[in-house]
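Here is what each chain is made of, one letter per residue.
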Amino acid sequence: MKEASVRKSILETAATFWEADRQEAFRTIYKAMRVVDDIVDDRKKEGSPIGEEERTQLQEKIQSLLEPADPPRREAPNALIAVRERFGLPSRCFELWMRSMLYDLRCDGFDCWKRFREYAEGAAVSPGAIFLHLCAVKPRGEGFEGPNFDIFAKARDLALFSYIVHILRDFRVDVRENLYFLDEHLLQKYGLDRQALQRIAQGGEYGAAFAEVLRKCVARGEGLRKRARATIDGLAANLEPRYRFSLEVVYDSYLAMFERIDVENPDLDRLATSAQEAAERLSTLYFRFWGRAAERALIGEALFR
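Because the structure is predicted, anything quoted here is derived from the model rather than measured.

> Outline the overall build of the chain, listing residues and values.
When helices and strands are counted, the chain shows 14 helices and 2 strands. What you see for the chain is a C-alpha radius of gyration of 20 Å, in line with the 19 Å of a compact globule of 305 residues. Along the three orthogonal principal directions, the C-alpha set of the chain runs to about 60 × 50 × 35 Å. In the chain, buried positions account for 50% of the 305 residues. Considering only residue pairs separated by 6 or more positions, the chain has 73% of its internal contacts joining residues 24 or more positions apart. Within the structure as shown, the chain displays about 15100 Å² of accessible surface, and the carbon and sulfur contribution to it stands at 49%. Of the side-chain charges in the chain, 48 are positive and 50 negative, and the distance between the mean point of each set is 3 Å.

Structure, rendered in structure tokens:
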């Protein structure tokens, strides 16, 4: 399979296996979140401080996209609100996510792991909870009945595991664009600072100190991975097979990258999987889960826009 520039995100790939209305609901939410995320990241990439007046303007712009005036003024937010109402998505999902976006506008990185975890509740756990909510709702009349479990509690470990892997995979790119996700306490423990990270991001050697930072990240990720695996297994009775499979796709896609991490040879650029590797892994997972081979067209549809 040829490499393509239109690879879907992992969550988009996983949602491909849902029925059409839930796929469209996820695409609507994901698109709105991407727009807001890009607004924040594009500004942070400039590297200069964000003043109070500019921060207020950006906040108002973000809120207008997610919580438009009544009556709504834009077509895209109309669709987002319709999806939220139809599928009964908790407001908390969007409130936590908004809180993390506003944190990005106010703060530059994280002083400790605890602060990062608090941020990740919105940046990673909330999107994961939305994904799980759409997996778990059941048709009821003309609407849907919500899950009978706490979507945040069940989504948390998989979302955090995925987020750590995502951050490590994109480490060089993020740092070159002034986006820092490794917490200062961890870096300082091994004598690293942002200048050192910039040298690494620009092509320098990772070095022994960074290897120790990576070792700690891997340990955090492994603990989350084990709990995520247990949670997915425990959800089997609550989800129909196609939705269980979509969670397996998320887990296995990040596991593929996580398994490539070598603390003794910390080349994070090698974590990303090629289109061919992704297709082969997804095909293997499909056969293992369903007991039959997937059509090539289905795999292509899942991976590419």
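> Go over the pattern of salt bridges, please, and point to the residues and values.
The final tally for this structure, using the stated rule, is 31 salt bridges. With a shortest N-O distance of 3.4 Å, E46 and R43 are connected by a salt bridge. Under the relative-accessibility criterion, R43 is labelled buried at 7%. Between E52 and R55 there is a salt bridge whose closest N-O contact spans 2.5 Å. One end of the pair, E52, and the other, R55, are both in helix 3 (residues 52–66), 3 residues apart, so they sit about a helical turn from each other. E52 sits in the exposed class, given a relative accessible area of 52%. According to the relative accessible area criterion, R55 is buried, its value standing at 15%. Overlapping salt bridges, with partners in common, bring together D111, K114, R115 and E118 in one network.

> Let's hear about the nonpolar core: which residues, and what values?
Membership of the largest hydrophobic core comes to 107 residues, with the highest contact counts inside it found for I29, F131, Y163, F171 and F210. The biggest single contributor to this core is helix 6 (residues 113–136), with 13 residues. Dropping the residues within four chain positions of it, Y163 is found in contact with F116, Y119, A120, A123, A124 and F181.

> Describe the packing of aromatic side chains, with residues and values.
Counted by the stated rule, this structure contains 25 aromatic pairs. Measuring from centroid to centroid gives 6.1 Å for W18 and F26, while their planes differ by 80 degrees, and the two rings are edge-to-face. Neither residue differs from the other here; W18 and F26 are each classed as buried. Centroid distance F87 to F144: 4.5 Å. Interplanar angle 20 degrees. Geometry classified as stacked. One end of the pair, F87, is in the loop between helix 4 (75–86) and helix 5 (91–106); the other, F144, is in strand 2 (residues 143–145), and 57 residues separate them in sequence. Overall, F144 belongs to the buried group, its relative accessible area being 18%.

> With reference to specific residues and values, describe the state of the cysteines.
By the definition in use, this model includes 0 disulfides. Not part of a disulfide, C107 finds its nearest cysteine sulfur in C112, a span of 12 Å. The exposure class of C107 is partly exposed, given its relative accessible area of 29%.

> If you had to explain the packing of helix 2 (residues 20–44) against helix 5 to someone new, which residues and values would you point to?
Viewed as axis vectors pointing N to C, helix 2 and helix 5 meet at an angle of 15 degrees, and their least axial separation amounts to 9 Å. Comparing the axis directions of helix 2 and helix 5 gives the class roughly parallel. Where helix 2 crosses over helix 5, the two elements pack in a sense that is left-handed. Only F94, W97, M101, D104 and L105 of helix 5 make contact with helix 2, whose side of the interface consists of I29, M33, V36, D37, V40 and K44. Of the residues that constitute the contact of helix 2 with helix 5, the class distribution is 8 nonpolar, no polar and 3 charged.

Calculation notes
- As a convention, each chain's residues are numbered from 1 in the sequence order in which they are written.
- Reporting of local features is limited, given that this is a predicted model, to residues whose pLDDT is at least 70; pairs of side-chain atoms are given and counted only at 80 or more, and all residues count toward the totals for whole chains, interfaces and linings.
- For the side-chain quantities, the full set of heavy atoms in the structure was used; hydrogens and water were omitted.
- Only DSSP runs of H or I reaching four residues or more are called helices, and only runs of E reaching two or more are called strands; each is numbered from the N terminus.
- As defined in this context, the radius of gyration uses C-alpha atoms, and a globule is described by 2.2 Å times the residue total to the power 0.38.
- Burial classes: relative accessible area under 20% of the type maximum marks a residue as buried, over 50% as exposed, and values in between as partly exposed (1.4 Å probe, protein chains only).
- Contacts between residues were defined by any pair of non-hydrogen atoms, one from each residue, lying within 4.5 Å.
- Computed with a 1.4 Å probe, the accessible areas rest on the Shrake-Rupley method; for each residue, only the protein chains presented here act as cover.
- Charge counting treats Lys and Arg as positive and Asp and Glu as negative, with His and both chain ends excluded.
- Lys charges are placed at NZ, Arg charges at CZ, Asp charges at CG and Glu charges at CD.
- Any carboxyl oxygen of Asp or Glu within 4 Å of a side-chain nitrogen of Lys or Arg constitutes a salt bridge here.
- Residue types Ala, Val, Leu, Ile, Met, Phe, Trp, Tyr and Cys, when buried and joined through side-chain atoms within 4.5 Å, form a set referred to as a nonpolar core.
- Stacked, tilted and edge-to-face pairs are distinguished by plane angle, under 30 degrees for stacked and over 60 for edge-to-face with tilted covering the rest, among Phe, Tyr and Trp rings (Trp via its six-membered ring) whose centres lie within 6.5 Å.
- Two cysteine sulfur atoms make up a disulfide if the distance between them is within 2.5 Å.
- Working convention: axes come from line fits to C-alpha atoms, limited for helices to the stretch in contact. Angles between N-to-C directions cover 0 to 180 degrees.
- Orientation labels follow simple angle bins: below 35 degrees gives roughly parallel, above 145 gives roughly antiparallel, 65 to 115 gives roughly perpendicular, and whatever is left gives oblique.
- For any helix crossing, the convention is left-handed if the near helix is rotated counterclockwise from the far helix by under a right angle, and right-handed if that rotation is clockwise.
- Residues are grouped as follows: nonpolar covers Ala, Val, Leu, Ile, Met, Phe, Trp, Tyr, Cys and Pro; charged covers Asp, Glu, Lys and Arg; every other residue, Gly included, is treated as polar.

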